[in-house]
Amino acid sequence: MNDDGAQVRRAGPEDADVLARLLDAFNTEFGSPTPGTAVLAHRLRRLLATEQTRAWLVAEQASGRQAGLALVTRRPNVWCDGPVDLLDELYVAPAQRSSGLGSLLIQAVLDDARAGGADLVEVPVDAPDVDARRFYRRHGFQEIDPDTGDLALLIWQEL
């Protein structure tokens, strides 16, 4: 809970429609492709029924309206004793940004990772997104490997 009384709660398959609406809004806001809310909700219902996918919703106190989400996938990793959590998405609606809701979400993600024995939380961030990079650094994430001084990158190939 923040000073305004906003609260974060773990989301489940029953929240798929709300999560899908927020994810669709996120991609639409930044001009990224989205399969639409129906497809996202279908996928979320299936994924959230497992322990490998976790989600949180944060509601603004005044209206009780869901204003943000965090979506995490957990996997084993050869370099760690415990699992690794990947923060796939963290989104707060534009009108509610800078109100502490993102911090509530990231704290819920980190608390869950610790409770689940995770050794690492990874976050893919676009290099030009200086606001997101600053947000994650403020919450203890590193983008420079302290041992090598190398900038961390996430690269991929769509199949």
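For the structure itself, consult the block above.
Residues numbered from 1 in each chain as written. Predicted model: local features only at pLDDT ≥ 70, side-chain atom pairs only at ≥ 80, totals over all residues. Heavy atoms only, no water.

Peer 1: Before we go on, may I ask you to explain the sheet that holds strand β4 (residues 84-92) in this structure?
Peer 2: One open sheet holds the five strands; their spatial order is β1-β2-β3-β4-β5, and the pairing between them is mixed. Strands at the two margins of the open sheet, each flanked by one partner only, are β1 (7-11) and β5 (120-122). Looking at each pair of strands side by side, their axes are set apart by 25° on average, direction ignored. Across three bridges, the pairing between β4 and β5 is parallel. Paired with Leu 86 across the two strands is Glu 122, which belongs to β5. Sheet contacts for helix α1 (residues 16-29): β1, β2 (53-59), β3 (66-75) and β4; angle to β3, the most-contacted strand, approximately 95°. (Pairing = 2+ DSSP bridges. Helix = DSSP H or I, 4+ residues; strand = E, 2+ residues; numbered from the N terminus. Axes fitted to C-alpha atoms, helices over the stretch in contact; angles between N-to-C directions. Contact = heavy atoms within 4.5 Å.)

Peer 1: Would you explain the packing of aromatic side chains in this entry?
Peer 2: Aromatic ring pairs are described here by two measures, namely the spacing of the ring centres and the angle between the planes. With the rule as written, the count across this model stands at four aromatic pairs. When the centroid spacing of 5.6 Å and the interplanar angle of 80° are considered together, the rings of Phe 26 and Phe 30 count as edge-to-face. Seen from their ring centres, Phe 135 and Tyr 136 are 5.1 Å apart, and the 75° between their planes marks the pair as edge-to-face. For Tyr 136, a relative accessible area of 10% gives the class buried. Ring-pair connections join several aromatic residues into one group, and the members of that group are Phe 26, Phe 30 and Tyr 91. (Phe/Tyr/Trp six-rings, centres within 6.5 Å; stacked < 30°, edge-to-face > 60°. Buried < 20%, exposed > 50% of the residue type's maximum accessible area, 1.4 Å probe, protein only.)

Peer 1: Sorry if this is basic, but what is going on with a nonpolar patch on the surface here?
Peer 2: Together, Ile 144, Leu 151, Leu 153 and Ile 155 make up a nonpolar patch on the protein surface, roughly 470 Å² of accessible area in all. Within the secondary structure layout, Leu 153 lies in the segment after α4 (130-138). (Patch = residues over 30% accessible without salt bridge, like charges linked within 9 Å, V, L, I, M, F, W, Y side chains within 5 Å. Areas by Shrake-Rupley, 256 points an atom, 1.4 Å probe, with all protein chains shown as cover. Salt bridge = Lys/Arg side-chain N within 4 Å of Asp/Glu carboxyl O.)

Peer 1: I would appreciate a short explanation of the pattern of salt bridges in the present structure.
Peer 2: Side chains that differ in charge, positive against negative, can pair when their charged atoms come close. One pass over the structure, following the stated rule, counts twelve salt bridges. Here Glu 51 makes a salt bridge to Arg 54, at a shortest N to O gap of 3.5 Å. Exposure remark for Glu 51: the relative accessible area of 52% places this residue in the exposed category. Taking the shortest distance from any N to any O, the salt bridge between Glu 143 and Arg 133 comes out at 2.8 Å. Linking Glu 143 in the segment after α4 with Arg 133 in helix α4, this pair joins segments that are ten residues apart in sequence. Look at the salt bridges and you will find they share partners, linking Glu 51, Arg 54, Arg 74, Asp 85 and Asp 112 into a network.

Peer 1: Explanation requested: the nonpolar core in the structure shown.
Peer 2: The nonpolar side chains of a soluble globular protein tend to be buried with one another. Ranked by internal contacts, the top residues of the largest apolar core, which has 23 residues, are Leu 87, Leu 90, Ile 106 and Tyr 136. Those elements that place two or more of their residues in this core are β2, β3, β4, α3 (101-115) and α4. Excluding residues that lie within four positions of it along the chain, Leu 87 makes contacts with Ala 70, Leu 71, Val 72, Ile 106, Val 109, Glu 122, Val 123, Pro 124 and Tyr 136. (Core = buried A, V, L, I, M, F, W, Y, C linked by side-chain atoms within 4.5 Å.)

Peer 1: Got a minute to help me understand the side chain of Asp 85 in this structure?
Peer 2: Here Asp 85 shows up in strand β4. Classification of Asp 85 as buried rests on a relative accessible area of 1%. A distance of 2.6 Å separates the side chain of Asp 85 from the side chain of Arg 74, its partner in a polar contact. Residue contacts for Asp 85: discarding those within four places in its chain leaves Val 72, Thr 73, Arg 74, Asp 112, Ala 113, Ala 118, Leu 120, Val 121 and Glu 122. (Polar contact = N/O pair within 3.5 Å; in protein donor to acceptor, adjacent residues only side chain to side chain.)

Peer 1: Would you explain the packing of α3 against α4 in this entry?
Peer 2: Helix-helix packing: each pair is described by the crossing angle between the helix axes and the interaxial distance. As a packed pair, α3 and α4 sit with axes 11 Å apart at the nearest point and diverge in direction by 55°. Here α4 runs oblique to α3, going by the angle between their axes. When you trace α3 past α4, the crossing you get is right-handed. For the pair α3 and α4, the contacting residues are Gly 102, Ser 103 and Ile 106 in the first and Phe 135, Tyr 136 and Arg 138 in the second. Of the residues that constitute the contact of α3 with α4, the class distribution is three nonpolar, two polar and one charged. (Parallel < 35°, antiparallel > 145°, perpendicular 65-115°, else oblique. Left-handed = near helix turned anticlockwise from the far one by under 90°. Nonpolar A, V, L, I, M, F, W, Y, C, P; charged D, E, K, R; others polar.)

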